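# Remarks on the overall topology
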Amino acid sequence: MAVYFSIILVTITVITGIVWLLDKLYLAPQRKLKVEEAQDAVKMQGGAELPKETIEKLMEPSPLIDTSVQIFPIIAFVLILRSFLYEPFQIPSGSMMPTLLDGDFILVNKFNYGLRDPVARNKFLEIGLPKRGDAVVFKYPVDPRIDYIKRVIGLPGDRIIYRNKSLYIKKACTESDTSCPDFVQIVNNYTNKYEGPDAEEGMNQFEAVMFDKKHNILNNQNVLPRTGHYFQQAGTAQDEFLVPAGHYFVMGDNRDNSLDGRFWGFVPEENLVGQAVAIWMSFDFERTEESILPHWVPTNIRFERIGAIN
């Protein structure tokens, strides 16, 4: 849907922009010329000045032209803001609990990872790349029409092991390394039994310390590892992942309830949309059967979550 909306937005901006430019350069001067010709005709016949109402009527553009001229600056501003600066997203599931909850509306920074055109998504300006620990929105590699949000765990060249609900990262070797670094276990410090929205029996919250970044995760002691369903690479163990060049390995913070890179592989750099930076609104939702099709309706604003993210 986001792709279609971008195409529609660009199309409307181009059309209204052409009409706006045409009006400024040709149609408005033509209307002014008609007023001057009418004024000259009245004077030649010995008449007085044209009535103000007549001048306004002659200068008035058609409804289509007037609408296009009025909305073009607004549409253009929305296009620039949404395509190159910030775009709002809604969290549709609990895969990023406890960091993000179902009903959170987030702002995604779209310039941190470089600027792309809003339709073909070709990058035309390099600015930066994701870092380990970033919460990122990306086009789901299996179906790019769908936007996903997960946390960056592995950068290009990293080796990742997720074994017995513990995460191990071996950073990619660089030319400046005198020796290739070994695997580092990411420390999970227990904080509390999770009792927030969508809590399940056996769900515990931890603070994960991933090098220089910290974030909260959930593990459910009652859920067994699904190693047999993991994405398989030639030359790696069943629970090991080697991140290819130009790709990223991502996982959800709700480790036992997240369809992430463990199961489908890696995110190509060109699929990145941006970095989630803030929650701008958050609702509790309640399912209702009052309409023909059941749907979720907001029942409460969670003011305490506004602005939060990690």
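Above this text is the structure in question.
Since the model is a prediction, treat every value here as computed from it, not as a measurement.

## Here's the deal with the overall build of the protein
Counting secondary structure elements, the protein contains four helices and 17 strands. Computed over the C-alpha atoms, the radius of gyration of the protein is 28 Å, more than 25% above the 19 Å expected from 2.2 N^0.38 for a compact globule of 310 residues. With the principal axes as the frame, the protein shows a C-alpha extent of 100 × 55 × 30 Å. Counting all 310 residues of the protein, 41% fall into the buried class. Residue pairs in contact within the protein that sit at least 24 positions apart in sequence constitute 56% of those at least 6 positions apart. Counting 32 positive and 39 negative side-chain charges, the protein places the averaged centre of each group 3 Å from the other.

## Overview of the environment of proline 144
Considering the arrangement of structural elements, one finds proline 144 in the loop between strand E5 (135-139) and strand E6 (147-154). Among the residues examined, proline 144 registers a relative accessible area of 44% and is labelled partly exposed. When the C-alpha positions of proline 144 and valine 184 are compared, they lie 32 Å apart, and in sequence the two are 40 residues distant.

## A short note on the packing of aromatic side chains
Applying the stated rule across the entire model yields 15 aromatic pairs. When the centroid spacing of 4.2 Å and the interplanar angle of 10° are considered together, the rings of tyrosine 140 and tyrosine 148 count as stacked. Note on accessibility: tyrosine 140 and tyrosine 148 belong to one class, buried. A network of ring pairs unites the aromatic residues Tyr230, Phe231, Phe241, Phe249, Phe263 and Phe266 as a single cluster. One Lys or Arg, lysine 171, reaches over the ring of phenylalanine 211 and ends 4.2 Å from the middle of that ring. For arginine 262, the ring lying beneath its charged end belongs to tyrosine 162, and the centroid distance is 5.0 Å.

Rules of the game
Residues numbered from 1 in each chain as written. Predicted model: local features only at pLDDT ≥ 70, side-chain atom pairs only at ≥ 80, totals over all residues. Heavy atoms only, no water. Helix = DSSP H or I, 4+ residues; strand = E, 2+ residues; numbered from the N terminus. Rg over C-alpha atoms; globule rule 2.2 N^0.38 Å. Buried < 20%, exposed > 50% of the residue type's maximum accessible area, 1.4 Å probe, protein only. Contact = heavy atoms within 4.5 Å. Lys, Arg positive; Asp, Glu negative; His and termini not counted. Charge placed at Lys NZ, Arg CZ, Asp CG, Glu CD. Phe/Tyr/Trp six-rings, centres within 6.5 Å; stacked < 30°, edge-to-face > 60°. Lys NZ or Arg CZ within 6 Å of the ring centre and 35° of its normal.

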